[in-house]
Number of protein chains: 2
Amino acid sequence: MRAGPSQEDIRRHNLGALLRHVHLGGPTSRAELTSKMGLNRSTIMALTSDLTAAGLVREELPRETGRAGRPSLVVRPESARVYVFAFDVSPDRIAVARVGLGGVILDRRETVRRRGVFVLEELTGALAGFARQMRRKTRDDTVCVGAAAAVSGGVRKADGVVTFGPNLKAEEAPFGEELGRKLGLGLPVSVGNDANLAALAEHSRGVGVAVRDLIYLHGDVGIGGGIIAGGHLLGGHDGYGGEVGHMVVNPDGRACGCGSHGCLEAEVGERALLEAAGRFGAGPQGRDAVRAVVEAADRGDIVAQEALSRVGDRLGLGVANLVNIFNPEMVIFGGMLREVYLGSAAQVRTQLALHAMGPQRERLRLRTSALGDAATLVGAAELAFAHVLADPLEVLARANT
Amino acid sequence: MRAGPSQEDIRRHNLGALLRHVHLGGPTSRAELTSKMGLNRSTIMALTSDLTAAGLVREELPRETGRAGRPSLVVRPESARVYVFAFDVSPDRIAVARVGLGGVILDRRETVRRRGVFVLEELTGALAGFARQMRRKTRDDTVCVGAAAAVSGGVRKADGVVTFGPNLKAEEAPFGEELGRKLGLGLPVSVGNDANLAALAEHSRGVGVAVRDLIYLHGDVGIGGGIIAGGHLLGGHDGYGGEVGHMVVNPDGRACGCGSHGCLEAEVGERALLEAAGRFGAGPQGRDAVRAVVEAADRGDIVAQEALSRVGDRLGLGVANLVNIFNPEMVIFGGMLREVYLGSAAQVRTQLALHAMGPQRERLRLRTSALGDAATLVGAAELAFAHVLADPLEVLARANT
DNA sequence: CTGGATTGTTACCGGATACAACAAACTCCC
DNA sequence: GGGAGTTTGTTGTATCCGGTAACAATCCAG
């Protein structure tokens with residue numbers, strides 16, 4: 001409700017908006033910025049001057065214009081100079097990326113990991129180690145402006161502590177705090193749920209660009225989700241918003257790890273599919289196992305087909321419920337749900353036709369993730385960049401001291 | 001993304017913020033406004049001067065201060081002078097209220113109506129007639145600054161047309177347009193879904209004040225809902241957000257009017273309860289019939305108790321799903337669901353314990369509507385006032401010509 | 001090479017808020 | 001009842017931000 005000392009606020013906001021433009025939209029000419037932001041030429045110049053002086057963007061003459069008139073300077077993000085660290089803790093791997101302003105992945109390391117084990121010391125140690133390696137390779141004029149991590153689990157908004165997850169037992173893990181300490185950059189590490197951040201990623205740089213209402217469904221061991229409502233990530237009161245995995249789609253269904261029955265996760269998760277296909281425990285686990293089922297079904301394997309069909313029905317019912325409640329413009333399937341959806345699109349559409357209301361269904365678009373496995377890392381990077389976009393000059397002033 | 005000519009924007013925003021303070025918070029001293037809005041004394045003075053000159057607020061010396069120092073002028077909304085018309089089309093009644101700035105219901109008329117009949121001409125005619133009667137009784141210096149209607153049905157965001165609802169057949173009803181024409185005030189009539197507007201009302205003036213994430217569930221013939229996420233009403237892409245009535249809570253359940261099976265509406269709607277209690281068709285309909293079931297259960301009627309129990313189970317499962325997905329701070333039961341919840345709170349809580357995840361459940365509060373039947377009217381009034389709060393001076397300049 | 005078009009650059013203007021100083025009005029205490 | 005202390009209204013000034021306008025720079029077309 002408060003407005004604040006508004007002179008500075010305006011400037012902050014406009015600087016952030018301009019930076020967000022070139023961060024998300026790539027190199028943009030001043031002329032385009034002038035029209036898209038609705039500001040005057042002279043104002044745009046003042047803003048870009050500030051950002052250039054801060055070392056956040058660079059202005060260059062365009063190669064070819066093709067049009068009459070003086071060529072407009074192109075504003076491009078200082079991708080190589082200004083960067084963040086993005087971390088990802090998935091059930092099957094951990095990954096670190098150095099992501100430049102503008103969203104370029106400059107460097108990246110990852111390693112597999114054993115499922116179900118979550119030793120805070122070990123994890124943060126490995127991640128920080130990767131980050132240090134990458135940092136040593138950077139030139140001296142580069143500057144790290146933030147860090148964020150995506151974890152598969154619930155992250156409490158109040159303090160960023162991981163409170164539950166497939167890898168966690170009863171205890172709570174102060175993941176961000178510990179990782180921040182180990183990094184030793186004097187930067188706080190934001191933490192977010194992996195599916196939430198993947199949703200953010202698809203919204204900013206994936207299939208969901210310019211889509212203000214979308215639902216992203218992510219499958220790995222469990223089922224997670226992220227909801228963009230009105231252009232903003234739905235966080236919920238404590239930060240657990242979008243946890244669609246435990247929506248009950250079949251009250252008499254399979255037992256779920258959460259203690260309930262017939263959760264989306266229990267009916268559509270990796271284990272459900274593999275068990276239905278008679279492949280649980282026997283062969284490989286994870287993404288490859290799911291892909292194998294879909295391929296078998298494609299080749300005519302009846303058991304695989306029926307497994308996919310059943311899972312697709314439940315998935316479709318879950319999507320129908322979400323569509324009825326949210327009326328999104330788009331639903332995006334990511335992680336292993338990408339394969340499941342591609343293998344059972346007919347069932348999903350049938351369930352939608354049965355259970356979703358006409359008006360909500362008519363303009364709905366079903367898509368698969370455009371960013372794939374990189375989605376969580378990209379989302380974490382966006383989270384890390386968020387405070388830079390909120391107040392560009394403050395961040396750089398602090399980094400340059 | 002665009003910022004606009006920001007000098008004016010700042011002023012507009014601050015004027016709106018100040019007006020919203022006194023509109024929602026009641027009479028407020030300049031000193032309080034200064035601290036709450038984070039603006040300087042002199043700025044607050046300039047803002048209140050403008051609003052006073054426009055006739056939107058009045059400044060008065062307070063009765064008693066009780067504290068040292070010069071008493072701060074109290075800014076109060078011009079409730080008697082500036083008003084809107086709020087309309088409500090429920091299944092069982094239609095209502096019109098004249099609501100003053102600040103949310104005071106100055107005048108109100110309503111009449112019962114037959115269910116299931118929706119004749120556009122007739123409805124808008126009756127509503128406009130009520131409004132004209134009220135308008136004749138107002139003094140000359142009063143000014144109507146807006147109008148909005150709550151309807152039980154889906155309202156398409158793009159054009160405000162009612163596209164589906166318990167009272168509608170296949171056709172679409174340009175309700176707002178027609179009502180606006182009949183009113184003849186030169187004002188557009190905004191239209192919103194009744195449950196959405198009731199949610200807005202509870203959020204601004206009911207149990208949900210200062211709650212940024214809440215779910216409001218409304219029961220009459222069907223089940224509607226309104227979701228406030230991050231302080232904003234969740235509209236969805238086409239405006240059908242919050243339509244929780246057709247979430248499937250029992251795939252093998254009762255047939256629903258929408259063509260699906262086991263929808264929340266079909267399982268816990270009025271008809272479901274009355275049929276389970278063996279009272280459908282025989283006795284009275286509507287709110288009174290529901291109340292009778294709850295009272296019978298209280299007196300020990302086994303059939304009524306079992307009916308309530310079953311309905312409460314389904315309701316609880318639906319709420320658990322919503323809680324998992326949204327992680328709201330509060331769930332509010334309104335309309336006939338108020339009675340249902342009061343009569344089956346134990347079942348609802350049991351289902352929550354079974355199906356809702358711990359972290360989401362722990363800090364959740366379950367409440368009943370504070371505004372009761374007035375919620376939809378109050379919500380419609382808020383919708384009507386919305387554009388006044390967005391740009392106070394423009395609206396009044398136009399009204400005074 | 002000239003004319004038209006588009007944009008960068010600069011100086012100036014109007015508007016909005018903060019700040020500071022003074023006046024006004026209240027409470028408390030003697 | 002009156003003075004001290006406190007809080008707030010009021011007014012004038014300063015600062016900052018964005019818009020406007022005029023001019024210079026640079027491109028394309030012919």
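Residues numbered from 1 in each chain as written. Chains lettered and ligands numbered in written order. Predicted model: local features only at pLDDT ≥ 70, side-chain atom pairs only at ≥ 80, totals over all residues. Heavy atoms only, no water.

## Let's talk about the overall build of chain A
Now for step 1: Looking only at helices and strands, chain A has 14 helices and 15 strands in total.
Now for step 2: Judged by the C-alpha coordinates and their principal axes, chain A covers about 65 × 50 × 45 Å.
Now for step 3: A buried classification covers 56% of the 401 residues belonging to chain A.
Now for step 4: A separation of at least 24 residues holds for 64% of the contacts in chain A among residues at least 6 apart in sequence.
Now for step 5: Accessible surface, chain A as shown: approximately 16400 Å² in total, 49% of it carbon and sulfur. (Helix = DSSP H or I, 4+ residues; strand = E, 2+ residues; numbered from the N terminus. Buried < 20%, exposed > 50% of the residue type's maximum accessible area, 1.4 Å probe, protein only. Contact = heavy atoms within 4.5 Å. Areas by Shrake-Rupley, 256 points an atom, 1.4 Å probe, with all protein chains shown as cover.)

## A word on the protein's contact with DNA strand C
Now for step 1: Near DNA strand C, the surroundings consist of 29 residues, among which A:Arg70, B:Gln7, B:Arg11, B:Asn14 and B:Thr43 are the closest.
Now for step 2: By atom count, sugar and phosphate contribute 60% of the portion of DNA strand C lying within 4 Å of the protein.
Now for step 3: B:Arg41 is positioned with one of its side-chain polar atoms (N or O) 3.4 Å from a base nitrogen of DNA strand C.
Now for step 4: Elements with a minimum of two residues in the surface near DNA strand C: helix H2 (30–37) and helix H3 (41–54) of chain A together with helix H1 (6–25) and helix H3 (41–53) of chain B.
Now for step 5: Looking at the surface near DNA strand C, the element that brings in the most residues is H1(B), giving four residues. (Near = heavy atom within 4 Å. Polar contact = N/O pair within 3.5 Å; in protein donor to acceptor, adjacent residues only side chain to side chain.)

## Brief notes about the relation of the copies chain A and chain B
Now for step 1: Of the transformation superimposing chain A on chain B, the axial component is 0.0 Å and the angular component is 180°, with the fit at an RMSD of 0.1 Å. Classification of the inter-copy transformation places it as that of a two-fold axis. (Least-squares fit on C-alpha atoms with pLDDT ≥ 70 in both.)

## A short note on the packing of aromatic side chains
Aromatic rings in a pair are described by how distant their centres are and how their planes are angled relative to each other.
All names here are of chain A.
Now for step 1: Scanning the model with the defined rule gives nine aromatic pairs over all chains in all.
Now for step 2: Ring geometry for Tyr83 and Phe85: centres 5.5 Å apart, planes at 85°, overall edge-to-face. When sorted by exposure, Tyr83 lands in the same class as Phe85, which is buried.
Now for step 3: Taking 5.4 Å as the distance between ring centres and 55° as the angle between the ring planes, the aromatic pair formed by Phe164 and Tyr240 counts as tilted. Taken together, the residues Phe164 in strand E9 (residues 162–164) and Tyr240 in the loop between strand E13 (232–233) and helix H7 (264–268) connect sequence positions 76 residues apart. (Phe/Tyr/Trp six-rings, centres within 6.5 Å; stacked < 30°, edge-to-face > 60°.)

## So, the interface of chain A and chain B
Now for step 1: Contact with chain A, which involves 55 residues of that partner, is made by 55 residues of chain B.
Now for step 2: With both sides pooled, the region where chain A packs onto chain B buries about 4500 Å², and carbon together with sulfur makes up 61% of that total.
Now for step 3: Counting across the interface, chain A meets chain B through 20 residue pairs in polar contact (both at pLDDT 80 or more).
Now for step 4: Mapped onto the side of chain A that touches chain B, the elements with two or more residues apiece are helix H1 (6–25), H2, strand E12 (223–229), helix H10 (302–326), helix H11 (336–355) and helix H12 (358–362) of chain A.
Now for step 5: Considering every element that reaches the side of chain A that touches chain B, the biggest residue donor is H1(A), with seven residues.
Now for step 6: When grouped by side-chain class, the residues that make up the side of chain A that touches chain B number 24 nonpolar, 22 polar and nine charged. (Buried area = accessible area lost by both parts, 1.4 Å probe. Nonpolar A, V, L, I, M, F, W, Y, C, P; charged D, E, K, R; others polar.)

## Focus: the packing of helix H4 (residues 120–136) of chain B against helix H5 (residues 175–183) of chain B
All names here are of chain B.
Now for step 1: Running from N to C, H4 and H5 cross one another at 45°; their axes reach a closest spacing of 9 Å. On the basis of their axis angle, the class for H4 and H5 is oblique. Crossing geometry of H4 relative to H5 is assigned as right-handed. Only Phe175, Glu178, Leu179, Lys182 and Leu183 of H5 make contact with H4, whose side of the interface consists of Leu120, Glu121, Thr124, Gly125, Leu127, Ala128, Ala131 and Arg132.
Now for step 2: Grouping the constituent residues of the contact of H4 with H5 by class yields seven nonpolar, two polar and four charged. (Axes fitted to C-alpha atoms, helices over the stretch in contact; angles between N-to-C directions. Parallel < 35°, antiparallel > 145°, perpendicular 65-115°, else oblique. Left-handed = near helix turned anticlockwise from the far one by under 90°.)

## Observations regarding H2(A)
Residue and element names in this part refer to chain A.
Now for step 1: Restricting attention to buried positions, one finds in H2 the residues Arg30, Leu33, Thr34 and Met37. End-on view of H2: buried residues confined to an arc of 105°, all on one side of the axis.
Now for step 2: Structurally, H2 contributes buried residues whose contacts are with H1, strand E1 (28–29), H3, strand E2 (57–60) and strand E3 (74–77).
Now for step 3: Positive backbone phi, approximately 70°, marks Gly38, located one or two places after H2. (Arc of directions from axis to C-beta.)

## Quick notes on the sheet that holds strand E13 (residues 232–233) of chain B
All names here are of chain B.
Now for step 1: Strand order in this open sheet of five strands is E13-E12-E11-E14-E15, and the pairing throughout is mixed. This sheet does not close on itself; its edge strands, each paired only once, are E13 and strand E15 (365–368).
Now for step 2: Relative to E15, strand E14 (residues 330–335) runs parallel, the two being bridged by four bridges. From the neighbouring strand, Met330 faces E15, where its bridge partner is Arg365. (Pairing = 2+ DSSP bridges.)

## Structural notes on the pattern of salt bridges
Oppositely charged side chains can form a pair if their charged atoms are brought close together.
Now for step 1: Within this structure, the stated rule accounts for 58 salt bridges over all chains.
Now for step 2: A:Glu339 serves as the salt-bridge partner of A:Arg338, at 3.9 Å between the closest nitrogen and oxygen.
Now for step 3: The partner of B:Glu382 in a salt bridge is B:Arg205, and the shortest N-O contact between them spans 2.5 Å. Taken together, the residues B:Glu382 in helix H13 (residues 375–390) and B:Arg205 in helix H6 (residues 194–205) connect sequence positions 177 residues apart.
Now for step 4: Overlapping salt bridges, with partners in common, bring together A:Arg287, A:Asp288, A:Arg291, A:Arg338, A:Glu339 and A:Asp373 in one network. (Salt bridge = Lys/Arg side-chain N within 4 Å of Asp/Glu carboxyl O.)

## Description of the protein's contact with DNA strand D
Now for step 1: The local shell around DNA strand D holds 28 residues, among which A:Arg11, A:Asn14, A:Asn40, A:Thr43 and B:Arg70 are the closest.
Now for step 2: Restricting the count to atoms of DNA strand D within 4 Å of the protein gives a sugar and phosphate share of 65%.
Now for step 3: Here a phosphate oxygen of DNA strand D sits 3.3 Å away from a polar atom, N or O, in the main chain of B:Leu73.
Now for step 4: Sorting the residues of the surface near DNA strand D by element identifies H1 and H3 of chain A together with helix H2 (30–37) and H3 of chain B as the ones contributing at least two each.
Now for step 5: Counting residues per element, the surface near DNA strand D draws most heavily on H1(A), which supplies four residues.

## Details of the domain arrangement of chain A
Now for step 1: Looking at chain A, the domain boundaries give domain 1 (6–63), domain 2 (82–197 + 376–399) and domain 3 (209–369).
Now for step 2: Averaged C-alpha coordinates put domain 1 of chain A and domain 3 of chain A at centres separated by 40 Å. (Domains from an automatic or database assignment.)

## Some points on the sheet that holds strand E3 (residues 74–77) of chain B
Backbone hydrogen bonds are what pair the strands of a sheet, in a parallel or an antiparallel way.
Residues and elements named next belong to chain B.
Now for step 1: A sheet is described by the order of its strands in space; here three strands give the open sequence E1-E3-E2, paired in antiparallel fashion. If you trace the sheet from one side to the other, it starts and ends with strand E1 (28–29) and strand E2 (57–60), each paired once.
Now for step 2: Bridge count for E2 against E3 is four bridges, and the pairing is antiparallel. Residue pairing across strands places Glu59 opposite Val75, the latter belonging to E3.
Now for step 3: Sheet contacts for H3: E2 and E3; angle to E2, the most-contacted strand, approximately 120°.

## Let's talk about the pairing of strand E12 (residues 223–229) of chain B
All names here are of chain B.
Now for step 1: Of all seven residues in E12, seven are buried, a share of seventy percent or more.
Now for step 2: Every second residue of E12 is oriented toward a common face, with Ile223, Gly225, Ile227 and Ala229 on one face and Gly224, Gly226 and Ile228 on the other, all of them buried.
Now for step 3: Here strand E11 (residues 214–219) pairs with E12 via six bridges, running antiparallel. Paired with Ile215 across the bridge in E12 is Ile227.
Now for step 4: Between E11 and E12, which pair antiparallel one after the other, the connecting turn spans three residues.

## A closer look at helix H4 (residues 120–136) of chain A
Residues and elements named next belong to chain A.
Now for step 1: Over its 17 residues, H4 runs 24 Å from end to end, which matches the ideal 24 Å to within 8%, given 1.5 Å per residue.
Now for step 2: Among all positions in H4, only Leu123, Thr124, Leu127, Ala128, Gly129, Phe130, Ala131 and Met134 are buried.
Now for step 3: Residues of H4 that are buried in the fold lie against strand E4 (82–89), strand E5 (93–100), strand E6 (104–112) and helix H5 (175–183). (Expected span 1.5 Å × (residues − 1).)

## Here we look at the environment of B:His13
All names here are of chain B.
Now for step 1: With respect to the secondary-structure elements, His13 resides in helix H1.
Now for step 2: Given the relative accessible area of 48%, His13 is considered partly exposed.
Now for step 3: Expressed as a C-alpha distance, the spacing of His13 and Ala353, which sit 340 residues apart in the sequence, is 44 Å.

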